[in-house]
Amino acid sequence: LAGYVTDMLERCKFFGNWLDDKPPPVFWLSSFFFTQAFLTGSKQNFARKFTIPIDALIFDYEMMPKNSYRNGPRDGVYTYGLFFEGARWDKKAEVIIESQPKVLYSEGPVMWFKPIKAVDLTLYPHYECPLYKTGDRRGVLATTGHSSNFVCTIRMPSDKPSSHWIGRGVALLTQLNE
């Protein structure tokens, strides 16, 4: 219960600051109850700005080098607050790597969810890392057509084949079961 209350107070503070001041430059992705709606809103802003059908857009992802930013990106959103399960991010090499021994979870980098036209996506060596709200890795399909737990996949740069990370069950989580 203590973890839940602490998390709720942090969410109230995050949204209170946003409401009282302005949108933050980096969004705490874990704070959103319906994460998919927030991400769709970001895509929709881009679609309206450039008069592109939203169905023609996808996200590309950039792992940012710093932990905080004074200004948000021109398009898309910077996010923080995700956790790797079974891997970690190497800032120097800019790829996912093995976890430290006996360390199950590690903080993910600040990520730029960058809306682009699907036809403009540049492929690079990556792992399609699933993002879940919790470590349960299961959910119920809601009336919106979304899972109650699965959020999306995030292309994480990798110097190993996807099968390597799939075999280790690597995923991103918005919150830990504490």
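Structure: above.
Residues numbered from 1 in each chain as written. Predicted model: local features only at pLDDT ≥ 70, side-chain atom pairs only at ≥ 80, totals over all residues. Heavy atoms only, no water.

**Brief notes about the packing of aromatic side chains**
Part 1: Within this structure, the stated rule accounts for 17 aromatic pairs.
Part 2: Measuring from centroid to centroid gives 4.1 Å for Phe 32 and Phe 38, while their planes differ by 15 degrees, and the two rings are stacked. By the burial criterion, Phe 32 is buried, and Phe 38 matches it.
Part 3: One aromatic cluster is present, formed by Phe 14, Phe 15, Trp 18, Phe 27, Trp 28, Phe 32 and Phe 38 through successive ring pairs.
Part 4: Over the ring of Trp 112 we find Lys 114, and its NZ or CZ is 4.6 Å from the ring centre.
Part 5: Directly above the aromatic system of Phe 33 lies the positively charged group of Lys 133, at a separation of 5.7 Å from the ring centroid. (Phe/Tyr/Trp six-rings, centres within 6.5 Å; stacked < 30°, edge-to-face > 60°. Buried < 20%, exposed > 50% of the residue type's maximum accessible area, 1.4 Å probe, protein only. Lys NZ or Arg CZ within 6 Å of the ring centre and 35° of its normal.)

**A look at the pattern of salt bridges**
Part 1: Applying the stated rule across the entire model yields 7 salt bridges.
Part 2: With a closest N to O distance of 3.7 Å, Arg 155 and Asp 60 form a salt bridge. Remark: Asp 60 occurs in strand β2 (residues 57–63) and Arg 155 occurs in strand β10 (residues 150–157); sequence separation between them is 95 residues. Accessibility classification places Arg 155 together with Asp 60 in one group, the buried group.
Part 3: Across the salt bridge formed by Arg 155 and Glu 128, the nearest N and O atoms sit 3.9 Å from each other. Of this pair, Arg 155 sits in strand β10 while Glu 128 sits in strand β9 (residues 126–132), and the two are 27 residues apart along the sequence.
Part 4: Members of the salt-bridge network, linked through shared partners, are Asp 60, Glu 128 and Arg 155. (Salt bridge = Lys/Arg side-chain N within 4 Å of Asp/Glu carboxyl O. Helix = DSSP H or I, 4+ residues; strand = E, 2+ residues; numbered from the N terminus.)

**A look at the layout of surface pockets**
Part 1: Considered as a void within the structure, the largest pocket measures approximately 570 Å³ in volume.
Part 2: With 5 residues, the top contributor of residues to the lining of the largest pocket is helix α1 (residues 2–20).
Part 3: Across the lining of the largest pocket, the residue classes tally to 9 nonpolar, 9 polar and 6 charged. (1 Å grid on protein atoms, 1.4 Å probe; cavity = no way out; pocket = protein on both sides within 12 Å on 5 of 7 lines; lining within 4 Å. Points joined across faces, edges and corners; volume = space filled by probe spheres on them. Nonpolar A, V, L, I, M, F, W, Y, C, P; charged D, E, K, R; others polar.)

These figures capture arrangement, not role.
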